[in-house]
Amino acid sequence: MNLVVGLTGGIGSGKSTVAALFAEHGAGIVDTDAISHLLTQPGGGAIAAIRAGFGNDYLTDDGALDRVRMRGLVFSDAAAKQRLEQILHPLILEQAKTQLRQLQAKPYILVVVPLLPESPAYRQLVQRVLVVDCEENTQIARVIGRSRMKEGEVRAIIALQTLRADRLRLADDVIRNDTTLENLAGQVAVLHERYTKMQNSN
């Protein structure tokens, strides 16, 4: 069996960048955010259920999930958030398990799950937890830099996510992402060696 590592961290912590660096070392990557995007694009596996549950108002003209509108709804309405999660989460988990099976030839596999700490189903899939950690102000600056979100919106998302201290308590391994890409690549290389050794000793 492959070593499976859960990669998690708050919004803007750099999970995708870290996953890409591990992929360069040959790791298998299962990205639950990417799966979610596929399921909610036009013709995606979740669209019919979203249309049934929320109506056409929450879809774009081309039939994808209207992310901006849905984000506004789920932030203000806990029941709507739960309804969306009940549609998406089982579909994402099923697809993640399929991808895990397809990646068995890889030396080890990273499963990227933003909300890993509160996702028991994913915690059962992984043998280790790797947290990408950075200062909150760094997170906010990164998200504002890559999206049209305002600082207040980013802070609201951070507030909904697992507390940084709780995430770090769960971690078997931590990557600090407050400095340069070069520094980040160095930390990934060290962990790649560790994970490869673990896999080989299985």
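Residues numbered from 1 in each chain as written. Predicted model: local features only at pLDDT ≥ 70, side-chain atom pairs only at ≥ 80, totals over all residues. Heavy atoms only, no water.

Attention shifts here to the overall build of the chain. Looking only at helices and strands, the chain features 10 helices and five strands. In terms of overall size, the chain behaves like a compact globule, its C-alpha atoms giving a radius of gyration of 17 Å where 202 residues would be expected to give roughly 17 Å. In terms of overall dimensions, the chain has a C-alpha envelope of 50 × 35 × 25 Å along the principal axes. Relative to its 202 residues, the chain shows a buried fraction of 45%. Pairs at least 24 residues apart make up 72% of the contacts formed inside the chain by residues separated by at least 6 positions. Of the accessible surface of the chain, which amounts to about 10600 Å², a share of 52% is contributed by carbon and sulfur atoms. Here the chain contributes 23 positive and 22 negative side-chain charges, whose respective centroids are spaced 2 Å apart. (Helix = DSSP H or I, 4+ residues; strand = E, 2+ residues; numbered from the N terminus. Rg over C-alpha atoms; globule rule 2.2 N^0.38 Å. Buried < 20%, exposed > 50% of the residue type's maximum accessible area, 1.4 Å probe, protein only. Contact = heavy atoms within 4.5 Å. Areas by Shrake-Rupley, 256 points an atom, 1.4 Å probe, with all protein chains shown as cover. Lys, Arg positive; Asp, Glu negative; His and termini not counted. Charge placed at Lys NZ, Arg CZ, Asp CG, Glu CD.)

Two elements in contact, helix α7 (residues 136-146) and helix α8 (residues 151-160), have axes whose closest approach is 10 Å; the angle formed by their N-to-C orientations is 125°. As judged from the angle between their axes, α7 and α8 are oblique. Crossing of α7 against α8: the hand is right-handed. Across the interface between the two elements, E136, N137, Q139, I140, V143 and I144 of α7 pack against E151, V154, R155 and I158 of α8. A per-class count over the contact of α7 with α8 returns five nonpolar, two polar and three charged. (Axes fitted to C-alpha atoms, helices over the stretch in contact; angles between N-to-C directions. Parallel < 35°, antiparallel > 145°, perpendicular 65-115°, else oblique. Left-handed = near helix turned anticlockwise from the far one by under 90°. Nonpolar A, V, L, I, M, F, W, Y, C, P; charged D, E, K, R; others polar.)

On their own, these measurements won't tell you what the molecule is for.
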